[in-house]
Amino acid sequence: MVGTGFYVPERVVTNDELSRYMDTSDAWIRERSGIEERRWASEGTTCAGMARRASEMALTEAGLRPGAVDAILLATLSPDHAFPGTSAFLQRELGLTGIPALDVRAQCTGFVYGLSVADAWVRVGQYRTVLLVGVEIQSTGLDVSTRGRDMSVLFGDGAGAVVLQATEDPDRGVLSTHLHAEGQNAEILWCEFESSASHPRISREALDEGRHYPSMVGKEVFRHAVARMSEAVEEALGANGLAASDIDLLIPHQANLRISQMVQRRLGLTEGRVFNNIQRYGNTTAATIPIALAEAVREGRLERGDLLCLAAFGSGFTWGSALIRW
Ligand code: UT7
């Protein structure tokens, strides 16, 4: 990973602001999720535009021009349009043409899935420099009323980007990635409409019932998130003959501060070895890990040679982990 970057919209939405739109409170949100505020995009802001800003920061850190990028991977569950993929719009925003642009649809695990694809591309020598972005605009798809309060207080908007580049240094780079999914639980955390199986894809009735908003069985998701993220980290450590005590920094997907803390306890890690920023950004889905990574780099939390671990869980269900020698 030769460059990291992030971008979050300027507008800060506090818990107190949300309590003006729905029956909730700052105390409830902080206690149950750890979230204090999140960023919500203003009218006209696009995922491709936010992804461009994060990508430019990552490319600058890497000392590269956009033209050095050989392939683009973009993870999102909130694409700017049904099609084409947001990666195509990002390619255009970066002034690039011809190189492949692929959207990854693995929700909160999208960045880890994308990292696995990028790593494989680089390893087999297909592409030398890969731009990997996680980006979401959740705010335009939330039910900002008491009916949707369990979901809408959790999510935020933002983008994070990483530039990956081939290296001959055997002591540096992605050690391994580990991916999983369990479609049996697809509807426990999902967005039902629009649906191509529905004629038409959205109906007045579905809109009235709010079935175009995301929904989840929160406690089930919580339980699975703690178990699966912890298992995925153990799996990655086992595959590399390492122990939890070898981890210098764990960046868990930022779904809920309580989930991160439970994973931390299960792995026996001290607080200083886990990076959390959900307090300021909420859950930005595919963007949580790359935003956190970019912030961790800027805060000096990673030194050359450190063992970085990423872990994610989300809708699908999907989950996974990655170990990186920084
Ligand atoms: O990225 C992966 C996706 N998401 C997650 O990983 C989220 C996983 N789940 C969670 O983080 C938690 O389940 C939540 C934060 C969503 C909810 O916390 P909880 O401790 O599981 O609360 P709950 O769902 O059991 O709800 C407790 C009460 C309920 O009221 P009653 O039935 O006890 O009267 C809810 O209606 O809290 C109520 N409630 C709220 N109250 C104030 C639900 N949402 C809110 C709210 N404000 N925003």
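None of these values were measured; they are calculated from a predicted model. (Residues numbered from 1 in each chain as written. Predicted model: local features only at pLDDT ≥ 70, side-chain atom pairs only at ≥ 80, totals over all residues. Heavy atoms only, no water.)

Colleague: Could you give me a rundown of the overall build of the protein chain, with the residues and numbers involved?
Modeller: If you tally the helices and strands in the protein chain, you get 11 helices and 13 strands. For 326 residues, the compact-globule estimate of 2.2 N^0.38 gives 20 Å, and the protein chain sits close to it at 19 Å. C-alpha atoms of the protein chain, sized along the principal axes, occupy 55 × 45 × 35 Å. Expressed as a percentage of its 326 residues, the buried residues of the protein chain come to 54%. The contacts in the protein chain between residues at least 6 apart in sequence include a share of 76% that link residues at least 24 apart. Approximately 14,100 Å² of the protein chain is accessible, and the part contributed by carbon and sulfur atoms is 47%. In the protein chain, 31 side chains carry a positive charge and 41 a negative one; their mean positions are 1 Å apart. (Helix = DSSP H or I, 4+ residues; strand = E, 2+ residues; numbered from the N terminus. Rg over C-alpha atoms; globule rule 2.2 N^0.38 Å. Buried < 20%, exposed > 50% of the residue type's maximum accessible area, 1.4 Å probe, protein only. Contact = heavy atoms within 4.5 Å. Areas by Shrake-Rupley, 256 points an atom, 1.4 Å probe, with all protein chains shown as cover. Lys, Arg positive; Asp, Glu negative; His and termini not counted. Charge placed at Lys NZ, Arg CZ, Asp CG, Glu CD.)

Colleague: Outline the sheet that holds strand β5 (residues 101–104), supporting the account with residue identities and numerical values.
Modeller: Strand pairs in the sheet, formed through backbone hydrogen bonds, run parallel or antiparallel to each other. Strand order in the open sheet formed by five strands is β1-β7-β6-β4-β5, with mixed pairing between adjacent strands. Bordering the open sheet on either side are β1 (3–7) and β5, each of which pairs with just one other strand. Here the strands of the sheet are splayed against their neighbours by 15° on average, with no regard to which way each runs. Most of the contacts of helix α3 (residues 47–62) go to β1, to which it runs at about 145°, and overall it touches β1, β4 (71–75), β6 (129–136) and β7 (158–165). (Pairing = 2+ DSSP bridges. Axes fitted to C-alpha atoms, helices over the stretch in contact; angles between N-to-C directions.)

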